Amino acid sequence: EQFMKLDEVFEDYKEPDHEVGMAKSDMYQAMNDAKAIHDMLLKISEQEGIEGWVASKLTKASDYLDSVKEYLEYHMVKAGMDKE
């Protein structure tokens with residue numbers, strides 16, 4: 001190809017992504033929220049229960065986090081980063 005893509009031309013001028021830092025911040029917030037939700041759920045009996053949509057959101061959040069954890073674990077093992 002005769003012409004370079006703009007991304008290649010300006011590669012040295014790009015601002016670095018902050019995805020890892022943002023992910024850490026998101027996970028810190030998720031941990032705080034999860035702890036607060038857990039503490040609130042401790043005060044609710046099975047007889048009182050929670051609404052279905054609430055249970056569904058908790059299940060979805062747990063599934064999403066588990067998927068990312070498994071993905072990262074796999075790629076860290078593959079890259080030899082599992083020594084810790």
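This report concerns the structure included in the present document. Quick caveat: nothing in here was measured; it's all calculated off a predicted structure.

### As for the overall build of the protein chain
Piece 1. When helices and strands are tallied, the protein chain shows 3 helices and 0 strands.
Piece 2. Secondary structure elements of the protein chain occur, N-terminal to C-terminal, as α-α-α.
Piece 3. Taken as a whole, the protein chain presents about 8400 Å² of accessible surface, with 59% of it coming from carbon and sulfur.

### A short note on the layout of surface pockets
Piece 1. Of the pockets and cavities examined, the largest pocket occupies roughly 270 Å³.
Piece 2. Sorting the residues of the lining of the largest pocket by element identifies α2 (19-41) and α3 (52-78) as the ones contributing at least two each.
Piece 3. For the lining of the largest pocket, the element with the most residues is α2, which contributes 7 residues.
Piece 4. Among the residues making up the lining of the largest pocket, the classes are represented as 8 nonpolar, 2 polar and 1 charged.
Piece 5. In this model, the second largest pocket occupies a volume close to 160 Å³.
Piece 6. Lining the second largest pocket are Val20, Lys24, Leu72, Glu73 and Met76.
Piece 7. Breaking the lining of the second largest pocket down by element, the ones donating at least two residues are α2 and α3.
Piece 8. Per-element tally for the lining of the second largest pocket: the top contributor is α3, with 3 residues.
Piece 9. Of the residues belonging to the lining of the second largest pocket, the class tally is 3 nonpolar, no polar and 2 charged.

Rules used in this analysis
- Residues numbered from 1 in each chain as written.
- Predicted model: local features only at pLDDT ≥ 70, side-chain atom pairs only at ≥ 80, totals over all residues.
- Heavy atoms only, no water.
- Helix = DSSP H or I, 4+ residues; strand = E, 2+ residues; numbered from the N terminus.
- Areas by Shrake-Rupley, 256 points an atom, 1.4 Å probe, with all protein chains shown as cover.
- 1 Å grid on protein atoms, 1.4 Å probe; cavity = no way out; pocket = protein on both sides within 12 Å on 5 of 7 lines; lining within 4 Å.
- Points joined across faces, edges and corners; volume = space filled by probe spheres on them.
- Nonpolar A, V, L, I, M, F, W, Y, C, P; charged D, E, K, R; others polar.

Honestly, that's just the spatial picture; any functional story needs more than this.
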